[in-house]
Amino acid sequence: MQLKLAFVGFGNVARAFARMLDERRAILAEQYDINWRATAIATGNHGCILASNIDLNEAVASVERGENLTTLKDDLPAANSLEVIERCDADIIFETSPLNAEDGEPAVSHIRGALARGINVVTANKGPVAFAYRELKSMADERNVSFRFEGTVMDGAPIFNLAEYCLPAARVKGFYGVLNSTTNLILTEMERGRPFDDALKIAQSMGVAEANADYDIDGWDAAVKAVAIANVLMNADLRPKDVHPTGIRNITIDDLKEAAREGFAIRLVARAETTSAGLAIKVAPERAPMASAIASVRGTSNVLVLETDLMGELAIFENDPGVEQTAYALLSDMIRIQEIIGTARERP
């Protein structure tokens, strides 16, 4: 099966995915009957192009040299990402633009425009799932296309695929976990005796934290992820503003040492549970027993524990994730879409 692929956003994740596509080309063809070609790329800083067959290796190299994609031969320029979505010839659009934690834009509009054209969408941007999941899922269902987003939470760990494909007839009643790598790394370094500011600098030097890491430190990244999980797995219709997170700014080395003496570790925990008043999401530092799943994750590692009615608690661990794991999520979603398209074509 030939798949025509378009990219809206061509940052680190999309470029890692492009390299993965090239490296796995033979496996995709032989094992999954997938042949592919790129037909459009939209970027914020390196131009937007349309073509019948873009050389992805050349596109990756051009962007990493700081060049404009419009210098590539045989490609037609486009004014912006919305024009690319409107004009591109694509079976799947991969939306990997940066997160806007205020309203999820422009990613929500990107996905809305693609679905309106009947194009399958894969995104690694958690904003659309946190701000507009029901609308976008409804659009996809009405047009018999897919809206997939495995890379939005815990990179490539199969959270949403696990629930969709491996837990039939089971209900997710709640969840809790450590979902933010920056804060977990900072707390781990503080456990080793490093002051908060020094621990933050380590996270920044590793590329885990941004120069302005307030969004992570104050718990908003974990809150957006928790809302995304609740919207998908618990049929919620929440927004990040419905959560009032407490971050880790007030945690001290003495707090961590005292917790350790008493057999606990302090972690920033996102927690969702069903109460008599409805679904409640909380993001705040918690003391977790050293033997627990929460306390066991250190550094940039994450964990999510799903609380189900038929399978009890299921924990998903992700150790020291990187950009490759998020790129893999795009690949796995693409393969799922190919399977869905193939099944639909086989129906009489």
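For the structure itself, consult the block above.
Right, let's walk through the structure included here. This structure is a prediction, so every number in the text was calculated from the model and none was measured.

**Some remarks on the sheet that holds strand E3 (residues 48–54)**
- If you trace the 7 strands from one edge of the open sheet to the other, you get E4-E3-E2-E1-E5-E6-E7, paired in mixed fashion. Pairing within the sheet leaves two strands with one partner each, and these edge strands are strand E4 (76–78) and strand E7 (147–148).
- Where strand E1 (residues 2–8) meets strand E2 (residues 35–42), 7 bridges bridge the pair, whose relative direction is parallel. Its bridge partner being in E2, leucine 5 is matched across the sheet by alanine 38.

**Observations concerning the packing of aromatic side chains**
- The tally for this structure, following the rule as stated, stands at 8 aromatic pairs.
- Judged by centre distance (6.5 Å) and plane angle (35°), the rings of tyrosine 133 and phenylalanine 147 are tilted. In this pair, tyrosine 133 sits in helix H6 (residues 126–142) while phenylalanine 147 sits in strand E7, placing the two residues 14 residues apart along the sequence.
- In this structure phenylalanine 147 comes out as buried when scored by relative accessible area, which is 6%.
- Pairwise contacts between aromatic rings join Phe7, Phe10, Phe17 and Phe94 into one cluster.
- Sitting above the plane of the tryptophan 36 ring, arginine 25 keeps its charged end 4.0 Å from the centroid.

**A word on the pairing of E3**
- With 5 of 7 residues buried, E3 lies mostly within the body of the structure.
- Two elements, E2 and E3, share 4 bridges in a ladder whose sense is antiparallel. Counterpart to alanine 38 in the pairing with E3 is isoleucine 54.
- What sits between the antiparallel neighbours E2 and E3 is a turn of 5 residues, in which glycine 47 has the positive phi angle 85°.
- When E3 meets E4, the two strands line up antiparallel, connected through 3 bridges. If you follow isoleucine 49 over to E4, its bridge partner there is proline 77.

**Concerning the side chain of asparagine 180**
- In this fold, asparagine 180 is placed in the loop between strand E8 (172–178) and helix H8 (181–191).
- Residue contacts for asparagine 180: discarding those within four places in its chain leaves Asp216, Asp221, Ala222, Lys225 and Asn302.

**A few points about a negative patch on the surface**
- Judged by side-chain charge, Asp22, Glu23, Asp55, Glu58 and Glu324 come together as a negatively charged surface patch.
- Within the fold, aspartate 55 resides in the loop between E3 and helix H3 (56–64).

**Section: unusual backbone geometry**
- Note that the residue after glutamate 105, namely proline 106, is joined by a cis bond; omega there is 5°.
- Looking at where proline 106 falls in the secondary structure, it is placed in the loop between strand E5 (92–95) and helix H5 (107–116).
- Despite not being glycine, asparagine 144 has its phi angle at roughly 55°, a positive value.
- If you trace the backbone, asparagine 144 turns up in the loop between H6 and E7.
- Non-glycine residue asparagine 235 carries a positive phi angle of around 55°.
- For asparagine 235, a relative accessible area of 58% translates into the label exposed.

Rules behind the numbers
Residues numbered from 1 in each chain as written. Predicted model: local features only at pLDDT ≥ 70, side-chain atom pairs only at ≥ 80, totals over all residues. Heavy atoms only, no water. Pairing = 2+ DSSP bridges. Helix = DSSP H or I, 4+ residues; strand = E, 2+ residues; numbered from the N terminus. Phe/Tyr/Trp six-rings, centres within 6.5 Å; stacked < 30°, edge-to-face > 60°. Buried < 20%, exposed > 50% of the residue type's maximum accessible area, 1.4 Å probe, protein only. Lys NZ or Arg CZ within 6 Å of the ring centre and 35° of its normal. Contact = heavy atoms within 4.5 Å. Patch = residues over 30% accessible without salt bridge, like charges linked within 9 Å, V, L, I, M, F, W, Y side chains within 5 Å. Areas by Shrake-Rupley, 256 points an atom, 1.4 Å probe, with all protein chains shown as cover. Salt bridge = Lys/Arg side-chain N within 4 Å of Asp/Glu carboxyl O. Lys, Arg positive; Asp, Glu negative; His and termini not counted. Charge placed at Lys NZ, Arg CZ, Asp CG, Glu CD.

Everything listed here is a matter of coordinates, which is why it stays silent on function.
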